[in-house]
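Per-entry structural report
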Amino acid sequence: MPSGLAALLDDVATIAKMAAASVDDVSAAAGRASVKAAGVVVDDAAVTPGYAMGFSPARELPIIRKIAIGSLKNKFLILLPGALMISAFAPWALTPLLMAGGAYLCFEASEKLWGKLAGHGSHEAAPDDLAISSAEKERKMVGSAIRTDLILSAEITAIALADLAERPLATQAAALALVGLLITVVVYGAVALIVKMDDIGLHLAERSSASARALGRGLVHAMPMVLTGLATIGTAAMLWVGGGILVHGLHEYHLDAVPGLIESLGHAAGNVRLIGPVTQWLTTAAASAVVGLLVGGVIVAILHFIPRKRATH
């Protein structure tokens, strides 16, 4: 009997060690996948605050909560099963899907830049928009945000899956679920903090302490610049991430002219003393962004200018 108990405890200890190793494996895989998807995460965090703007302060956090719940549904009910099916039955489709998503990111960023250059960034509200109720406007805004999140989350999932392709299917599923949950918490936690930062500033500005009032006024005045900076960072992130995905896809298909040129530029920039890794990354990211801008510009031209020219004939 004692020997049987010892054997059972030994089996339990072995299973516990295997489980711990599996958890470590999933955590490490999820961590690496999250880093690879960081550029899209930055864009997601930069884009989302705009969907909560223009509503009463009391509705800002409920709107963010609705979008976050929609994001979790996107990831766990649509993207996670789809990613696992691709991994199991059509792994060859991953690179084309990644490249399609990268092209979309390039297009979206290029369209934003074109809108700013052409002066289309701001416009008066349409009469239909003015006529709808606040609840209807909120419903439309939340729906639009969840659709945008689906596209960005799909790109995050595809990038993460590409880094997990050699792992067992169970590890892929656990790591993708962990990545999805982690990114959702981080992104929408940050978004909630951003959209309430001006309210925090106003609260501090009413305190009796002079330092608190100064900090509060500083927060209120800084928020427009912070939001503008986030939008700029998000656009840049879309370009270098999207362009980088396209460059990587070209390399996968052995079309190495552009990838080889970017790699050579990166190696040359990496020869700078002390800050070589930084200059190498910046050069590679900038070159990928140029590729993204060229591809995105072509797509913008095709979708916007060619149909307009045809309509004039």
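Here, the structure is the one placed above.
Summary of the structure given here. (Residues numbered from 1 in each chain as written. Predicted model: local features only at pLDDT ≥ 70, side-chain atom pairs only at ≥ 80, totals over all residues. Heavy atoms only, no water.)

**As for the pattern of salt bridges**
For clarity, the threshold we go by: For this document, the term salt bridge refers to a Lys or Arg side-chain nitrogen within 4 Å of an Asp or Glu carboxyl oxygen. The numbering of helices and of strands both runs from the N terminus, where a helix is a DSSP run of H or I of at least 4 residues and a strand a run of E of at least 2. Per-residue accessibility, obtained with a 1.4 Å probe over protein chains only, is compared with the maximum for each type, and a residue is labelled buried under 20%, exposed over 50%, and partly exposed between these values.
Summed over all chains, the structure comprises 6 salt bridges. Across the pair Lys-196 and Glu-60 runs a salt bridge, and its minimum N-O distance is 3.4 Å. With a gap of 136 residues between them, Lys-196 in helix α8 (residues 169–205) and Glu-60 in helix α4 (residues 57–89) connect regions that are remote in the sequence. When sorted by exposure, Lys-196 lands in the same class as Glu-60, which is buried. Two residues, Asp-149 and Lys-75, come together in a salt bridge whose shortest N-O distance is 3.9 Å. With Asp-149 in helix α7 (residues 134–163) and Lys-75 in helix α4, the pair connects residues that are 74 residues apart, well separated along the chain. The two residues Asp-149 and Lys-75 agree in class, both being buried. The network of salt bridges with shared partners includes Arg-59, Lys-66 and Glu-138.

**Digging into the side chain of Lys-75**
Put simply, the rule is: Any pair of nitrogen or oxygen atoms within 3.5 Å is treated as a polar contact; in protein, a donor-acceptor pairing is required on top of that, and neighbouring residues in sequence qualify only through side-chain atoms on both sides. The contact rule is simple, with two residues in contact once any of their heavy atoms fall within 4.5 Å.
Given the relative accessible area of 6%, Lys-75 is considered buried. Of note is the side chain of Lys-75, whose polar atom sits 3.1 Å from the side chain of Ser-153. Within the structure, the side chain of Lys-75 is placed 3.1 Å from the side chain of Thr-184, a separation counted as a polar contact. When neighbours within four sequence positions are excluded, Lys-75 is seen to be in contact with Leu-80, Pro-81, Asp-149, Ser-153, Gly-180 and Thr-184.

**Focus: a nonpolar patch on the surface**
Note the cut-off: Nonpolar side chains (Val, Leu, Ile, Met, Phe, Trp, Tyr) within 5 Å and like charges within 9 Å form the patches, drawn only from residues with over 30% relative accessible area and no salt bridge. What sets the accessible areas is the Shrake-Rupley method with a 1.4 Å probe; for residues, cover comes only from the shown protein chains.
Together, Val-272, Leu-274, Ile-275, Val-278, Trp-281 and Leu-282 line one region of the surface with nonpolar side chains, adding up to about 640 Å² of accessible area. Tracing the backbone shows Leu-274 in the loop between α10 (257–269) and α11 (276–312).

**Quick notes on the nonpolar core**
One broad trend across soluble globular proteins is that nonpolar side chains are buried collectively. How we decide: Among buried residues, those of type Ala, Val, Leu, Ile, Met, Phe, Trp, Tyr and Cys that are joined through side-chain atoms within 4.5 Å constitute a nonpolar core.
In this structure, Leu-98 and Leu-176 are the most contacted members of the largest nonpolar core, which totals 20 residues. Of all the secondary structure elements, the ones that give two or more residues to this core are α4, α5 (94–117), α7, α8 and α9 (210–252). No other element matches the 5 residues that α7 contributes to this core. Ignoring anything within four residues of it in the chain, the contact list for Leu-98 reads Glu-155, Ala-158, Ile-159, Ala-162 and Ile-245. Of all hydrophobic cores here, the second largest spans 15 residues; its members include Ile-64, Ile-183, Tyr-188 and Val-191.

**So, the packing of aromatic side chains**
Stated precisely, the cut-off is as follows: Note on aromatic contacts: the rings of Phe and Tyr and the six-membered ring of Trp form a pair at centre separations within 6.5 Å, being stacked when their planes are under 30 degrees apart, edge-to-face when over 60 apart, and tilted otherwise.
On inspection of all chains with the given rule, the structure shows 2 aromatic pairs. Aromatic pair Tyr-104 and Phe-107: ring centres 6.2 Å apart, planes at 55°, arrangement tilted. Of the two residues, Tyr-104 and Phe-107 are both situated in helix α5; the distance of 3 residues between them amounts to about one turn of the helix. Aromatic pair Trp-240 and Trp-281: ring centres 5.5 Å apart, planes at 75°, arrangement edge-to-face. A residue pair is termed long-range when its members are at least 10 positions apart, and Trp-240 in helix α9 and Trp-281 in helix α11 qualify at 41 residues.

**Here we look at the packing of α8 against α9**
The condition that has to hold: Each axis is a line fitted through C-alpha atoms, taken for helices only over the stretch in contact, and angles between the N-to-C directions span 0 to 180 degrees. Reported orientations rely on four angle classes, namely roughly parallel under 35 degrees, roughly antiparallel over 145, roughly perpendicular from 65 to 115, and oblique for the rest. Throughout, a crossing is termed right-handed when the near helix is turned clockwise from the far one, and left-handed when it is turned anticlockwise from it by less than a right angle. In the scheme used here, Gly and all other residues not listed as nonpolar or charged are polar, with Ala, Val, Leu, Ile, Met, Phe, Trp, Tyr, Cys and Pro taken as nonpolar and Asp, Glu, Lys and Arg as charged.
At a minimum axis distance of 6 Å, the contact between α8 and α9 shows a crossing angle of 160°. The angle between α8 and α9 falls in the class roughly antiparallel. In the crossing of α8 with α9, the sense of the turn from one axis to the other is left-handed. Between α8 and α9, the contacting residues are Ile-194, Met-197, Asp-198, Ile-200, Gly-201, Leu-202, Leu-204 and Ala-205 on the first element and Ala-212, Arg-213, Leu-215, Gly-216, Arg-217, Leu-219, Val-220, Met-223, Leu-227 and Leu-230 on the second. By residue class, the composition of the contact of α8 with α9 is 13 nonpolar, 2 polar and 3 charged.

**Focus on α8**
Which entries qualify depends on this criterion: In this scheme, a helix's expected span is set at 1.5 Å multiplied by one less than its residue total. Here the bend at a residue is taken as the angle between two axes, fitted respectively to the seven residues that end there and the seven that start there.
The end-to-end C-alpha distance of α8, which contains 37 residues, comes to 53 Å, matching closely the 54 Å that a straight helix rising 1.5 Å per residue would cover. Residue Lys-196 marks the point of greatest curvature in α8, where the axis turns by about 45°.

**Looking at the environment of Gly-260**
With respect to the helices, strands and loops of the structure, Gly-260 is situated in helix α10. Sequence-wise, Gly-260 and Val-247 are 13 residues apart; in three dimensions their C-alpha atoms are separated by 9.4 Å.

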